[in-house]
Amino acid sequence: MKLDVNALRYLSKDDFRVLTAVEMGQKNHELVPIELIDSISGLKHGGTFKSIKTLMRHKLLHHDSKYYEGYRLTYMGYDFLAIRTLVSRGHISGVGRQIGVGKESDIFEVTNDDGEVFALKLHRLGRTSFRAVKSKRDYLGRRQNYSWLYLSRLAALKEYAFMKALYEHGFPVPQAIDNNRHAVLMGLVNARPMVQIRTMAHPARVYLSCMELISRLAGKGLIHCDFNEFNLLISEDEELTLIDFPQMVSMTHANAEELFSRDVECIIRFFSKKIGYVPEQDSNLPYVRPVFAELASAPAADGEGALDVALEASGFQRQHQKVLEDYQLEVAAANDS
């Protein structure tokens, strides 16, 4: 569904009270009865029903009567709640063109009152995998509180927490500015995805930069888990920027070595097949692959400098990681079937 923010100007405070009431009701209901919406919103004289008709017209709410009469937020309704909060905080004042589409996210250009341009990422977990998961097992029925909106909010919280911590520790990542619900506001990077590149002026230097970045992350106790040409931006000067962190895990994870090796092999495969540079054949390289055992035994991997420990104090906790990992396993199992 295309994000049309023009409808924002036509919504009243009462409309947003109803949207918020549905959001609150969805914490315990897959479909929120109108009686509960009316009770939470506190509107009088039929105001709730009037607002619901307006929100339905703009496709911000979905009505369902399969089991009982009720309503739920659409992703656009969730978008509007997040954007309105970011506007009220003074971080953004306008939404521009869409600049990226991922498997489970959309990215837009946004501006503030000073004319500065940022990137707004809206997580949409379940968009591409919803049918596969539902065909294997009723995921929402098994975990009633773990709706797609809740999972998207966790993914955004994780991305914001990790991006902020990495940026503060000097890693080449976008600057994290704010987070609300499933939205992450970040600095706009003047670069393009490395997957679009077919030739490089200095492939050996860029390859080493990739390996050094993987090693630096491991030195801070982290594994990206999706370190590939799709999640690396490259500038005209062939400087790298790392993006997309919802799948990142700790070096203490049970499958840490396997996930670490997968990241390394993804980069080797990209350079060998797409760029035409085979690292194993370059005798001038100081090394081809970083050694997991050496990085895992380094003091920062499990000591004071480990970011995986510090991030739990920043809002993203282990129970959140468990929920996201369960979701990823659900999607993998459904797709395999």
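Quick look at the structure, then. As the structure is a prediction and not an experimental result, all values here were calculated from the model.

## Describing the packing of aromatic side chains
Summed over the entire model, instances satisfying the criterion amount to five aromatic pairs. Aromatic side chains F271 and Y277 sit 6.3 Å apart centroid to centroid with 75 degrees between the ring planes, which places their arrangement in the edge-to-face category. Both residues of the pair, F271 and Y277, belong to the buried class. Three or more aromatic residues joined by ring pairs form one cluster here, namely Y207, F270, F271 and Y277. Between the NZ or CZ atom of R84 and the centre of the ring of F16, over which it lies, the distance is 4.2 Å. Taking the ring centre of F171 as reference, the NZ or CZ of R216 above it sits at 4.2 Å.

## Some remarks on the sheet that holds strand β4 (residues 105-111)
Taken in spatial order, the five strands of this open sheet run β3-β4-β5-β7-β6, and their pairing is antiparallel. Whereas interior strands pair on both sides, the edge strands pair on one side only; in this sheet they are β3 (94-102) and β6 (176-180). The mean angle between the axes of side-by-side strands here comes to 25 degrees, regardless of whether they run parallel or antiparallel. Note: β6 against strand β7 (residues 183-187), four bridges, orientation antiparallel. Its bridge partner lying in β7, N179 is registered against V184. Against the sheet, helix α7 (residues 148-168) touches β5 (117-123), β6 and β7, its axis set at about 160 degrees to β6.

## What to know about the nonpolar core
One finds L166, M194, M200, C210, I223 and F271 to be the most contacted residues of the largest nonpolar core, which totals 52 residues. Those elements that provide at least two residues to this core are α7, β7, α8 (203-219), β9 (222-223), β10 (232-234), β11 (240-242), α9 (256-275) and α10 (292-296). If near-sequence neighbours (up to four positions away) are discounted, M200 is found in contact with M194, V206, I234, E238, F270, F271 and I275. With 42 residues, the next largest nonpolar core counts A21, L60, M76 and F118 among its residues.

Rules and cut-offs
Residues numbered from 1 in each chain as written. Predicted model: local features only at pLDDT ≥ 70, side-chain atom pairs only at ≥ 80, totals over all residues. Heavy atoms only, no water. Phe/Tyr/Trp six-rings, centres within 6.5 Å; stacked < 30°, edge-to-face > 60°. Buried < 20%, exposed > 50% of the residue type's maximum accessible area, 1.4 Å probe, protein only. Lys NZ or Arg CZ within 6 Å of the ring centre and 35° of its normal. Pairing = 2+ DSSP bridges. Helix = DSSP H or I, 4+ residues; strand = E, 2+ residues; numbered from the N terminus. Axes fitted to C-alpha atoms, helices over the stretch in contact; angles between N-to-C directions. Contact = heavy atoms within 4.5 Å. Core = buried A, V, L, I, M, F, W, Y, C linked by side-chain atoms within 4.5 Å.

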